[in-house]
Amino acid sequence: MDLAYSEEEEAFRQELRAWLGKALPGLPTKPDPDDWPGRRAYDLGWQRVLYDAGYAGLHWPADAGGRGATPTQHLIFLEETERAGAPYVGANFVGLLHAGPTIAAEGSDDQRRRWLPPILRGEEIWCQGFSEPGAGSDLAALRTRAVRDGDAYVVTGQKIWTSHAEVADWCELLVRTDPDAPRHRGITWLAMPMDADGVTVRPLRTLAGSTEFAEVFLDEVRVPVSCRVGEENDGWRVTMVTLSFERGTAFVGEVVACRRVLEDLARTARANGRWDDPVLRRRLGRLAAEFTALWRLTQWNVSAAEGTGGVPGVGGSVFKLRYSQARQELYDAAADVLGADGALDAGHPWTADRLSSLSYTIAAGTSQIQANIVAERILGLPKGR
């Protein structure tokens with residue numbers, strides 16, 4: 001394992017920096033957070049800019065429409081775009097980071113041709129239909145049913161915390177196709193068109209006031225069998241591929257963003273007099289070390305993924321477990337820097353980020369689930385009862 005960048009990788013970095021310097025000034029103004037049609041158009045527009053420049057699906061295999069870049073080059077891409085203040089994947093993070101890579105790894109040739117190009121070109125958005133009311137963090141407890149009827153599955157059930165369902169074209173959907181099988185063996189992974197009859201989307205408002213999540217109600221929705229990725233009842237294995245991408249590099253850009261927030265915190269503390277507090281300085285210094293370590297762990301995970309065809313391993317759970325807590329600690333420190341009045345300012349971006357940070361111990365698998373994965377798959381401990 002080599003955590004140093006090669007000459008070729010540094011040349012790629014310089015090429016990317018030069019392109020970003022030319023591309024970013026021409027972007028339109030970012031839309032209001034509640035303007036979902038505007039946000040969809042903005043995010044897909046940026047994706048098209050990336051596609052035209054050859055940076056879309058950078059690390060996807062060439063036969064899946066990507067550039068075939070190494071995981072390390074992908075890491076550099078995420079690092080440089082975040083540092084430059086470029087738009088993130090936005091509303092199509094499920095398509096670009098979860099569903100797309102899963103289809104590239106597990107889909108048939110026809111499925112790859114149908115779904116991957118529109119994701120890369122910025123033409124279609126995906127959402128994730130995994131979580132359900134009553135199932136908690138136990139994904140295998142899902143109850144949404146899919147009954148085979150000729151060349152279609154008839155799907156009935158409910159999903160919750162479905163990110164960007166209100167603007168999505170497709171949904172990566174987990175359904176139970178064999179209620180009599182052991183619960184991990186009766187699940188199937190489907191791609192469901194969101195405009196199908198019987199699909200109802202109800203937005204959910206978060207603690208921060210945003211509406212990027214939704215409940216999705218499914219009433220005898222017909223999903224073609226051709227939209228099944230993997231074999232029937234093999235969806236749990238396919239889901240593990242999806243989750244490995246979700247926990248592997250999906251948060252890389254956010255680590256870079258957190259390191260930038262730390263720099264902003266230090267500048268703000270110097271400006272408002274809080275820097276004179278030695279306890280605060282130690283706190284910020286420890287957080288700087290924490291996020292540096294998380295960045296190095298990310299590099300290690302990416303380096304390890306190069307030996308597995310780019311599919312992240314269980315090291316992503318180690319990262320996710322610690323990052324979830326570190327992010328909350330970061331914005332606790334931000335409240336300390338701002339003081340009582342500033343921390344209560346609902347319009348301050350750090351306030352909104354602090355509220356959203358609470359969800360990170362749940363998103364992409366709860367911290368309890370990550371701890372179990374680390375215990376069982378890395379430390380070799382027996383499964384809990």
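Preceding this section is the structure that the text describes.
Residues numbered from 1 in each chain as written. Predicted model: local features only at pLDDT ≥ 70, side-chain atom pairs only at ≥ 80, totals over all residues. Heavy atoms only, no water.

Caption draft 1: Inspection of the overall build of the chain at higher detail. A count of helices and strands for the chain gives eleven helices and eight strands. Among the 385 residues that make up the chain, the fraction classed as buried is 49%. When contacts within the chain are restricted to residue pairs at least 6 apart in sequence, long-range pairs at least 24 apart make up 73% of them. In the structure as shown, the chain presents an accessible area of about 17800 Å², 52% of it carried by carbon and sulfur atoms. (Helix = DSSP H or I, 4+ residues; strand = E, 2+ residues; numbered from the N terminus. Buried < 20%, exposed > 50% of the residue type's maximum accessible area, 1.4 Å probe, protein only. Contact = heavy atoms within 4.5 Å. Areas by Shrake-Rupley, 256 points an atom, 1.4 Å probe, with all protein chains shown as cover.)

Caption draft 2: Representation of the pattern of salt bridges within the structure. The tally for this structure, following the rule as stated, stands at 28 salt bridges. A salt bridge links R67 to E15; the nearest nitrogen and oxygen atoms lie 3.4 Å apart. Linking R67 in the loop between helix 2 (36-53) and helix 3 (71-83) with E15 in helix 1 (residues 7-23), this pair joins segments that are 52 residues apart in sequence. Among the ionic pairs, D264 bridges to R267, the shortest N-O distance being 2.2 Å. Separated by three residues within a single helix, D264 and R267 lie in helix 7 (residues 252-272), roughly one turn from each other. What makes R267 partly exposed here is its relative accessible area of 48%. Through salt bridges with shared partners, one network takes in E10, R13, R17, E79, E80 and R83. (Salt bridge = Lys/Arg side-chain N within 4 Å of Asp/Glu carboxyl O.)

Caption draft 3: Molecular detail of the packing of helix 2 against helix 5 (residues 109-121). Two elements in contact, helix 2 and helix 5, have axes separated by 7 Å at closest approach and are oriented at 100°. Between helix 2 and helix 5, the angle falls in the class roughly perpendicular. Only I119, L120 and R121 of helix 5 make contact with helix 2, whose side of the interface consists of Q47, R48 and Y51. (Axes fitted to C-alpha atoms, helices over the stretch in contact; angles between N-to-C directions. Parallel < 35°, antiparallel > 145°, perpendicular 65-115°, else oblique.)

Caption draft 4: Broad picture of the packing of aromatic side chains. Overall, the coordinates contain nine aromatic pairs when judged by the stated rule. When the centroid spacing of 5.0 Å and the interplanar angle of 50° are considered together, the rings of W19 and Y55 count as tilted. Of this pair, W19 sits in helix 1 while Y55 sits in the loop between helix 2 and helix 3, placing them 36 residues apart in sequence. With a relative accessible area of 18%, W19 lands in the buried category. (Phe/Tyr/Trp six-rings, centres within 6.5 Å; stacked < 30°, edge-to-face > 60°.)

Caption draft 5: Focus on the environment of I103. One can find I103 in helix 4 (residues 93-106). By relative accessible area, which is 0% here, I103 ends up buried. For the pair I103 and A191, spaced 88 residues apart in sequence, the C-alpha to C-alpha distance is 9.7 Å.

Caption draft 6: Quick peek at the pairing of strand 4 (residues 170-176). Counted residue by residue, strand 4 has seven buried out of seven residues, so it is predominantly covered. By the alternation rule, side chains of strand 4 split into W170, E172, L174 and R176 and C171, L173 and V175, which are all buried.

Caption draft 7: Just the environment of A104, in detail. Within the secondary structure, A104 is located in helix 4. Each C-alpha atom of the pair A104 and A64 lies 6.0 Å from the other, and the pair is 40 residues apart in sequence. Setting aside its immediate chain neighbours within four residues, A104 contacts A64, R112 and L116.

Caption draft 8: Fine view of unusual backbone geometry. A positive phi is found at H164, a non-glycine position, where the angle reads about 60°. You can see H164 is positioned in the loop between strand 3 (152-159) and strand 4. Look at E220: it is not a glycine, yet its phi comes out positive at around 55°.

Caption draft 9: The nonpolar core, seen in detail. Grouped together as the largest cluster of nonpolar side chains are 67 residues, with contacts concentrated most on W126, V155, W189 and M192. Here this core takes six residues from helix 4, the largest share from any one element. Within the second largest apolar cluster, 22 residues are counted, among which are C258, F291, F319 and A333. (Core = buried A, V, L, I, M, F, W, Y, C linked by side-chain atoms within 4.5 Å.)

Caption draft 10: Region of interest: the environment of G129. By the secondary structure assignment, G129 is in strand 1 (residues 126-129). As a C-alpha pair, G129 and W161 span 32 residues in sequence and 8.1 Å in three-dimensional space. If we skip the residues at most four places from it in the chain, G129 touches K159, C171, E172, L173 and L174.

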